[in-house]
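Each chain, written out:
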Amino acid sequence: MGEFFPAPIFFEGTIFEFNRMTLVRLVATIVLVALFWVVTNRARLVPGRAQNIAEMGLDFVRVNIAEEILGKQHARPFIPLLTTMFFAIFALNITGVIPFLNIASTSVVAVPMLLAVASFVAFIYAGIKAHGAVGYLRTTLFPSGVPWPIYIILAPIELLSTFVLRPATLTIRLMANMLAGHLLLVLFFGMTHWLFLEADGALKGVGVITLGAAIAFTVFEIFISALQAYIFTLLTAVYINLSQEAH
C-alpha cells in the first residue's frame, strides 16, 4: 500500500509536494497533450493512420457519448469537457501497465475527486442554465406528478442522491477499480518473482501459472482503463441530461 503514498521528491511538507505519483500524472498529461498536438498539427485532408485513430477517438466521444445522451442540439457545449475527461482518465489509468510508471494515478482519491467535482459543476451548470437556480432545485427536489406528502420523504432522498451520491460514487468507482487492478498486478507479478527466484524444486513450475495470470490481468487492466474512462464520461453526460430535463 505504500506505493500509493510515495516519499516526496521536492517541496516536502508543502501544498506543492511533488512525489512519484505526481510525476506519473505529469508524464501522462504531457504525453497526451503532445500526441494530440502532433496529430492536429499534421492533420491532412486524407488522414494518415495516427490521424485516423485520433479522429475515431474524438468521434467516439462526440457521437457515442455526447450526442447519443444529450442530443446534437444540447451536446455541443459539453463536447470539449467530455472529450477531455475521457482521454484524461484513460491516460491516467493506463499508466498502471506502462513499464517504469507502473501505477495508475487515479488509484488514489485526489484525481478521481477532482474529476467528480468537474462533473458535478457541469451538471449543476446545465440544470441552472436550463431552469434557473430556483427552477432547477424545484424540479430536482420536487418532481411533478407526486402527491405532496411524498415530498417529505422524496425531497431529502433526491437531495442526497443528486448532490452527494453522484459525485461520491463517481469518485469511489474510479478509484476502487484502479486500486484493485494495481493490487492484483503486484500480487501476481510479485508471486511470480518469488516462485522463479526463491521457491524450491517443483514449486518453481507454479510460477508459469502465476506469470500467465499476471499477463492476463495486464490485458484486462488495459480494458478496464478504457472502460472506466467510458463509464465516468458516460455518467457525466447522463447527469447533465437529467439536469436539463424537467421531471
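Cut-offs used in this document
- Residues numbered from 1 in each chain as written.
- Predicted model: local features only at pLDDT ≥ 70, side-chain atom pairs only at ≥ 80, totals over all residues.
- Heavy atoms only, no water.
- Helix = DSSP H or I, 4+ residues; strand = E, 2+ residues; numbered from the N terminus.
- Contact = heavy atoms within 4.5 Å.
- Areas by Shrake-Rupley, 256 points an atom, 1.4 Å probe, with all protein chains shown as cover.
- Lys, Arg positive; Asp, Glu negative; His and termini not counted.
- Charge placed at Lys NZ, Arg CZ, Asp CG, Glu CD.
- Salt bridge = Lys/Arg side-chain N within 4 Å of Asp/Glu carboxyl O.
- Buried < 20%, exposed > 50% of the residue type's maximum accessible area, 1.4 Å probe, protein only.
- Core = buried A, V, L, I, M, F, W, Y, C linked by side-chain atoms within 4.5 Å.

Q: Would you mind showing me how to read the overall build of the protein here?
A: Helix and strand content of the protein: seven helices and two strands. Expressed along its principal axes, the backbone C-alpha trace of the protein runs to roughly 75 × 55 × 40 Å. Counted over contacts in the protein with a minimum sequence separation of 6, partners at least 24 positions apart contribute 66%. In the structure as shown, the protein presents an accessible area of about 14,300 Å², 74% of it carried by carbon and sulfur atoms. Charge separation in the protein, taken as the distance between the mean sites of 13 positive and 12 negative side-chain charges, equals 11 Å.

Q: What is the right way to look at the pattern of salt bridges in this model?
A: Oppositely charged side chains may form a pair once their charged atoms are brought near each other. Going through the model one piece at a time under the given rule, you end up with two salt bridges. Among the ionic pairs, Asp59 bridges to Arg62, the shortest N-O distance being 3.1 Å. Residue Asp59 and its partner Arg62 are located together in helix α2 (residues 49–75), separated by three residues, close to a single helical turn. The partly exposed category is assigned to Asp59, whose relative accessible area is 35%. The salt bridge partner of Glu67 is Arg62, with a shortest N-O separation of 3.1 Å. Among the residues examined, Glu67 registers a relative accessible area of 18% and is labelled buried. Overlapping salt bridges bring together Asp59, Arg62 and Glu67 as one network.

Q: How should I be thinking about the nonpolar core in this particular structure?
A: For soluble globular proteins, the rule of thumb is that nonpolar side chains tend to be buried together. In terms of nonpolar packing, the biggest core is built from 37 residues, with Leu82, Ile89, Phe232 and Ile240 touching the most fellow members. Sorting the residues of this core by element identifies α2, α3 (79–94), α4 (110–131), α5 (133–141), α6 (151–197) and α7 (206–244) as the ones contributing at least two each. Here this core takes eight residues from α3, the largest share from any one element. Excluding residues within four positions of it along the chain, Phe232 makes contact with Met85, Ile89, Pro112, Leu115, Ala116, Ser119, Leu170 and Leu174. Ranked by size, the runner-up nonpolar core spans six residues in total, among them Phe4, Val24, Leu101 and Val108.

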